[in-house]
Amino acid sequence: MAIEIPRCIETTISAPLLQWSFEGLRTALSVGSMVGFMAFLELLIMFMRPDIVDRDNRVRVVSPEDMLSTYDFVIIGGGSAGGVLANRLTENADWNVLLLEAGDDEGVISEIPAMFLNIQRTYMDWAFKTEPSTNYCKGMINNQCSWPRGKALGGSSAINYMLYVRANRKDYDIWRDLGNPGWGYDDILPYFMKAENISISDLRESPYHGTKGYLTVETYKYKHPIGSYFMKAIQEMGYDEVDSNGETQTGAAYPQGTLQNGLRCSVAKAYLRSISNRSNLHISTNSMVHKILINETTKKAYGVEFVRENVRYTVRAKNEVILSAGSVQSPQLLMLSGIGPKKDLEEIGIRVILDSPGVGQNLQDHVALGGLTYLIDPPYNLSTSTFSAAEQFLIQREGPLYDASLSEVLAFINTRYVNSSEDYPDIQLYFGSTADNLNKAGIEHGFGVRTDFYDSLNADIIGNDSYGVIPLLLRPKSRGYIKLRNSNITSPPIIVPNYFDDPHDLNVLAEGAVVVYNFSQTPTMKKLNATANPNLISECAHLNFPSHDYWRCYSRFYSLTIYHPTSTCKMGPDDDGMAVVDPRLRVRGVEGLRVVDASIMPNIVSGNTNAPVIMIAEKAADLIKEDWCVYPRARNQSADSDANGNSTSRLELEGESGSRAAGNAGGVEGKAPTKGVAGGGGGGGQRPLHLRKKYIYSICH
C-alpha cells in the first residue's frame, strides 16, 4: 500500500524514492531484521527530518593539517564532561582548546528516544563486558554483564536513557564531609541550574531549576496511558508525586529527560553544536588517545599522543591535559601513562611514573534487576505497529517512538533498611509500559541475556499485555575495580564490579523486588488484573515465591547495570591515600593534569549519573578558570566588588591572558601536530586559530 506523504513534509527527495524507502522499512520488519529496519529508518530521517539531521549546526571536525602543535588545553573525551568543558573553556577567546574523541559524531537514530536499546553494541558503543562471574549476571552470555559506554561526541549522553536525575542532596553533603570543600549540595546546586534550561512550565519558576542553560530538560513527548495508573498505584502505597530534582527526592514523578522538542538532547547537541563556529575550539573525532605525556623528572603533563586514521600524532598542552574519558577509560589511560598501582603496572611492563594506588579502585555501580514482568488486562487498546509508529514519527512528528517505555513513571522509595523520615531513599523504580515478553530482540541485544534463559522466563507469555518494573540499588556497599589487561590501549580493561560482594546489597535489592510485587497488589493495579509472571528461574524455583530468598537468588541471575559506573579516580583530601585527585580535581602528584568525569565521585550518587557529571564539568570549568587566574569581566568591572560596584581587590588588565605566561611545554604555536610512527609523515599547513578578543582579567596571587 502506498504511503501518503503530506505536501508539508520538507524534502527534496522524489516521491518514488520515499515510497521505496518505506517499503524497505516494511519489508525489514516483516522478516524480523532490526538491522534493516534501522538502516531504512535512518535513510528516511535523512530524507524527511531536517530538524534531526541539523546539517547547519553539526560539529565541524578539524583536519589534521589544520591542528596546532600546541593548545592551552587538551581535553581527552568528547562525552558528557568533555563537551561541557570544551564549551566553557573556549568562552575565553584567548584560550585554544583541542577536544579529542575516539568515536564519531552521534548518529541520527540516537535522537529517537525509543531506540536507545537498539543503538547499543553499534559503532556508538564501546560495548564493554565485565569479567565472567558466578555471583551475578548468571543469566547472561558467558556470565558477563553488558556495560555499554558511549563512543561518540556526547559520550554516554548520546546512547543513554536520557533521564535527568540529580540524585539526593545528602550525597553531595557527604562528599563535602569526606574532606572535599566546595562539593556540598549548596555549593553544587548553582551548577545544576547553570547547565539547565527547564522547559516544563510548572517548574520554570522553581528555585531549584535553571532556565538559561544549554541543556534542555523536558518531559517525554509521548505519554502512554498506563502512566496514570502507575502514578495512582504508587500513591496508594503512600508516596506523593514530587519533583525529585527539587526539594524532596522521595516519591514518584513523570520523568524529566534531556530532551529538546521530544528528541534526545545530548551534551554534543546542547554544548557543542551551539558553538560549532567558535574558532578557538578544535574537535578531532576518531582520535584514540594512547598516552598522556608526562615529564618523569618534573612530574608535569605536557601533551598527549593519539592515533587518527592510522596516523600517530603528538600535541602539546601549555596549561593542562584534562582527562574526561569516563569511569572505565580514565583509569585505564592513567595506568597506561604510568600513573596507578605500582605493582599492577610493573606486572605488565609499564614504566611507573607515579605510584597512585587508588587508580581503578573503588568502582561503584547501580546494580538492578531485570525481567520483572507483570501481566495485565489493559483498559485501553494500543495496537500501533512498529511500522505505524515509524510513520507517525517521520510524518506527523508524534507517536510512541517519542516514548520512554521503560520509565513512564520514576519513583524513589524506602525499604526497611533506611529511615523513611530522612528523605534518603535506597531504591529507585522504573515503571515501564513494556516488558521483556514484548521485546525479545531488544532484550537479548541490549542486555546480553542468553536465549535459553530468556525463553524459559517468557514461556507462553510472549506478546501478552504486560508492564515491567526495574528496581535499582541506589547506594551499593560493594566495591569493584578496573585493571589493565595488558599494555595495549585497544584491549578492553578488566572490569570487575563485584556486585553483591557485600550481602547488604543483595538484601536491599531483594526488598526492592518485594516492593514491586506489592505494587501489583494495589487497588489500581488489581483493576488491571496485574499478575506476576508465572515462570520462575529454574535454579531458584525451589524457594518460595515471592519471598526474599527467591529474589536474592533471582538477583544473581538477572543482574543489570543501569550504566552508572563511578568513583575509579576518586576525589579526596590530602590524608586519603586512595584519593587520585584533590577537591579541585587535579591529579595528586602530577602537575598540569586533571580528571573531570564520574570517576572522581568519592561515592556513587543516589540516582542517575549523567546530570551530576554535567554539573561536575560545569564546576570544574570554573575551578580551572580560577586556577589560571582568568576571570572575564565586563569592561571597567573588577573581579571583586561590593554591592555598589566598587572595586575591592584585584587589579584590572586589558589584553593577554595571564595563562600565556604560564610556560610552553614544547612546540611552536600555529603549526600542525607532530606526526609519528603509526604511519605517514610530513608537516601540515598553518592558519590563524582565532581572532583575538580583548577581555578584562584579574591577576591572582
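The structure we're discussing is the one just above.
Residues numbered from 1 in each chain as written. Predicted model: local features only at pLDDT ≥ 70, side-chain atom pairs only at ≥ 80, totals over all residues. Heavy atoms only, no water.

> Explain the overall build of the chain here, please?
Secondary structure assignment for the chain yields 17 helices and 28 strands. Across the 701 residues of the chain, 60% fall into the buried class. Considering only residue pairs separated by 6 or more positions, the chain has 73% of its internal contacts joining residues 24 or more positions apart. Summed over all atoms, the accessible surface of the chain reaches about 26,600 Å², with 48% contributed by carbon and sulfur. (Helix = DSSP H or I, 4+ residues; strand = E, 2+ residues; numbered from the N terminus. Buried < 20%, exposed > 50% of the residue type's maximum accessible area, 1.4 Å probe, protein only. Contact = heavy atoms within 4.5 Å. Areas by Shrake-Rupley, 256 points an atom, 1.4 Å probe, with all protein chains shown as cover.)

> How should the packing of aromatic side chains be read in this particular structure?
A ring pair, where both rings are aromatic, is described by two values, the distance of the centres and the angle of the planes. Summed over all chains, the structure comprises 28 aromatic pairs. Relative to Phe40, the ring of Trp20 has its centre 5.5 Å away and its plane inclined at 65°; by these criteria the two rings are edge-to-face. Linking Trp20 in helix α1 (residues 15-30) with Phe40 in helix α2 (residues 34-48), this pair joins segments that are 20 residues apart in sequence. Seen in terms of ring centroids, Tyr499 and Phe500 are 6.4 Å apart; in terms of plane orientation they differ by 50°. Their pairing is tilted. (Phe/Tyr/Trp six-rings, centres within 6.5 Å; stacked < 30°, edge-to-face > 60°.)

> So what exactly am I meant to see when it comes to the nonpolar core here?
The nonpolar side chains of soluble globular proteins are, as a tendency, buried together. With 182 residues, the main nonpolar core has Ile292, Leu334, Tyr467 and Tyr558 as its most contacted residues. In terms of residue count, helix α17 (residues 610-627) provides more of this core than any other element does, 10 residues in total. Apart from residues lying up to four places away in sequence, Ile292 is in contact with Ile76, Ala301, Gly303, Val321, Leu323, Leu333, Leu334, Ser337 and Leu593. Counting residues in each nonpolar core, the second largest holds 32 residues, with Leu25, Ile52, Phe393 and Tyr402 among its members. (Core = buried A, V, L, I, M, F, W, Y, C linked by side-chain atoms within 4.5 Å.)

> Would you mind showing me how to read the environment of Ser30 here?
Structurally, Ser30 can be placed in helix α1. Judged by its relative accessible area of 60%, Ser30 is exposed. Between the alpha carbons of Ser30 and Phe387 there is a distance of 9.7 Å; along the sequence they are 357 residues apart.

> Can you walk me through the state of the cysteines in this structure?
Here a disulfide denotes one covalent bond, and it connects the sulfur atoms of two cysteines. Counted by the stated rule, this structure contains 2 disulfides. A sulfur-sulfur distance of 2.0 Å marks the disulfide that ties Cys137 to Cys145. Taking the torsion about the S-S bond as the criterion, the Cys137 to Cys145 disulfide, at about 110°, is right-handed. There is no split in this pair, since Cys137 and Cys145 are both buried. Two residues share a disulfide in this structure: Cys540 and Cys553, whose sulfurs sit 2.0 Å from each other. Taking the sign of the S-S torsion, -80° for the link of Cys540 and Cys553, the bridge is left-handed. Taken together, the residues Cys540 in the loop between β23 (531-532) and α16 (548-557) and Cys553 in helix α16 connect sequence positions 13 residues apart. Like Cys553, Cys540 is buried. Sequential numbering of the bridged cysteines in the chain gives the disulfide pattern 1-2, 3-4. (Disulfide = S-S within 2.5 Å.)

> How do you make sense of the sheet that holds strand β8 (residues 256-260) when you look at a structure like this?
Across a sheet, strands are paired by hydrogen bonds formed along the backbone, either parallel or antiparallel in direction. With mixed pairing, the 4 strands of this open sheet are ordered in space as β5-β6-β8-β9. Two strands bound the open sheet, and with one partner strand each, they are β5 (196-198) and β9 (263-264). Here β8 runs beside β9; their pairing, made up of 2 bridges, is antiparallel. In the sheet register, Leu259 faces β9, and the bridge partner there is Arg264. Sitting on the sheet, helix α6 (residues 185-195) is in contact with β5 and β6 (215-219), with an inclination near 65° to β5. (Pairing = 2+ DSSP bridges. Axes fitted to C-alpha atoms, helices over the stretch in contact; angles between N-to-C directions.)

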